[in-house]
Amino acid sequence: MGRTQIVIVGATAPEIIKLLEAINKAGVDEYEVLGFVDDDQNKHGQFLFNYPVLGGTALLANKLRGCAAINNVAKTSEVRSNVLRKLRNIGVTNLPPIVHPSVDLRHTSIGPATVIHEGCVLGPGVSIGENCLLSFRATIAHESSVGNGVIISPGVIVNGRVRIQDGAFLGAGAVILPYCTVGAWSVVGAGSTAIRDVPHHSTVFGVPGRVVQVRDDAEKKSSMTPLNRQREELNEASQKILQRI
Ligand SMILES: CC(C)(COP(=O)(O)OP(=O)(O)OC[C@H]1O[C@@H](n2cnc3c(N)ncnc32)[C@H](O)[C@@H]1OP(=O)(O)O)[C@@H](O)C(=O)NCCC(=O)NCCS
């Protein structure tokens, strides 16, 4: 198997280096890490855990064209999704899922550009979309689905038959009870427990989780087309009917 040259987008969280080294060590894949790219010019020329920050993302459109890329941006789900969009707009197509060798992927499906860190447990029938980030020791129990661009922080427990919709952010140690739906672009606070459905674009925290904020901002408008919104609403309605059967 040949070595794949890969570039990390976002020179922040250095855990990605350990993840790639673990994959190489286990012999699952063989990545040659060229370094980071980041649009913060102050970082250019610096080193992060011995890997250089080579320049901005535009490099992937010219000098580094053809390299594989990893989305390592996790500031917010909106920012992470915008980064993926930007990469695709400049022609980056090789965005492999990056999964720690400790993670058992049998009977699960995951999309491109999704990163899964050490110690995550995925139950049978779990599906995870594209561009998600699952941090250390997150658990997603059986038959749960995770949409696109979802950020799942360390130690999160998603119970069985849960739906986490596009762009949701689950804070460290959050717990989502069985059958709940976490709506698109919602936030569940660190250490909080969602005991019922979380409406889309809302922030929930506490035990039991309570909705403390519903966002109706520009990000929301840009992140969902009317067609997508209609699709989400139809999905929600059909899931509710299925749960009652
Ligand atoms: C929920 C969250 C997004 C709210 O952030 P915020 O809007 O900046 O909220 P603030 O920090 O201003 O806090 C507002 C109030 O909510 C309370 N609060 C905030 N987060 C809370 C949480 N997770 N659980 C319980 N209460 C919380 C604060 O105590 C504060 O209460 P007060 O008004 O009585 O003083 C944030 O606190 C959170 O949990 N983020 C997740 C962080 C994380 O896990 N990151 C992963 C790192 S790997």
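Residues numbered from 1 in each chain as written. Predicted model: local features only at pLDDT ≥ 70, side-chain atom pairs only at ≥ 80, totals over all residues.

(A) Spotlight on the overall build of the protein. When helices and strands are tallied, the protein shows four helices and 23 strands. For the protein, with 245 residues in total, the buried portion stands at 38%. Within the protein, contacts between residues at least 6 apart in sequence are counted, and of these 32% link residues at least 24 apart. (Helix = DSSP H or I, 4+ residues; strand = E, 2+ residues; numbered from the N terminus. Buried ≥ 20, exposed ≤ 12 C-beta atoms within 10 Å, placed from the backbone. Contact = placed C-beta atoms within 7 Å.)

(B) Quick peek at unusual backbone geometry. Between Val 207 and Pro 208 the backbone carries a cis peptide bond, its omega angle lying at -5°. Tracing the chain through its elements places Pro 208 in the loop between β22 (202–205) and β23 (210–214). Phi at Phe 49 takes a positive value of approximately 45°, unusual for a residue other than glycine. Assignment of secondary structure puts Phe 49 in the loop between β3 (47–48) and β4 (51–52). On the basis of neighbour counts, which here come to 12 C-beta atoms within 10 Å, the residue Phe 49 falls in the exposed class.

(C) Expanded view of the sheet that holds strand β13 (residues 145–146). Strand order in this open sheet of five strands is β7-β10-β13-β16-β19, and the pairing throughout is parallel. Two strands lie at the open edges of the sheet, namely β7 (108–110) and β19 (181–182), each paired on one side alone. (Pairing = 2+ DSSP bridges.)

(D) Fine view of the nonpolar core. Counting residues in each nonpolar core, the largest one holds 62 residues, and the members touching the most others are Val 9, Ala 69, Ile 152, Ile 176 and Val 188. When residues are assigned to domains, this core turns out to be shared by domain 1 (4–89) and domain 2 (98–244), each giving three or more. If sequence neighbours within four positions are ignored, Val 188 has contacts with Leu 170, Gly 171, Ala 174, Ile 176, Val 182, Ala 194, Val 198, Val 204 and Gly 209. (Core = buried A, V, L, I, M, F, W, Y, C linked by C-beta atoms within 7 Å. Domains from an automatic or database assignment.)

(E) Summary view of helix α1 (residues 15–26). Relative to the 16 Å expected for 12 residues at 1.5 Å per residue, α1 spans 17 Å between its end C-alpha atoms, a close match to the ideal helical length. Along α1, the residues classified as buried are Ile 16, Leu 19 and Leu 20. The buried residues of α1 occupy an angular sector of 95° when projected down its axis, which confines them to one face. Across from the buried face of α1, at angles greater than 90 degrees, the exposed residues are Lys 25 and Ala 26. Of the surrounding secondary structure, the elements contacted by the buried residues of α1 are β1 (4–9), β2 (31–37), β5 (68–71) and β6 (98–99). Gly 27 occupies a position one or two residues after α1 and carries a positive phi of about 75°. (Expected span 1.5 Å × (residues − 1). Arc of directions from axis to C-beta.)

(F) Examining the sheet that holds β1 more closely. Taking strand neighbours across the sheet as the criterion, the three strands line up as β2-β1-β5 in an open arrangement whose pairing is parallel. Lying at the two open borders of the sheet, with one neighbouring strand each, are β2 and β5. The sheet shows a mean angle of 30° between the axes of neighbouring strands, direction not considered. Of the strand pairs in this sheet, β1 and β2 are connected by six bridges, and their pairing is parallel. Bridging from a neighbouring strand, Val 7 pairs with Gly 35 of β2. Each of β1, β2 and β5 touches α1; the most contacted strand, β2, lies at about 170° to it. The sheet contacts of helix α2 (residues 77–89) involve β1 and β5, and relative to β5 the element is tilted by about 165°. (Axes fitted to C-alpha atoms, helices over the stretch in contact; angles between N-to-C directions.)

(G) Summary view of α2. Over its 13 residues, α2 runs 18 Å from end to end, which matches the ideal 18 Å to within 8%, given 1.5 Å per residue. If you check which residues of α2 are buried, you get Ser 77, Arg 80, Ser 81, Val 83, Leu 84 and Leu 87. Angular distribution of buried residues about the axis of α2 spans 155°; they occupy a single face of the element. Facing away from the buried side of α2 by over 90 degrees, the exposed positions are Arg 85 and Asn 89.

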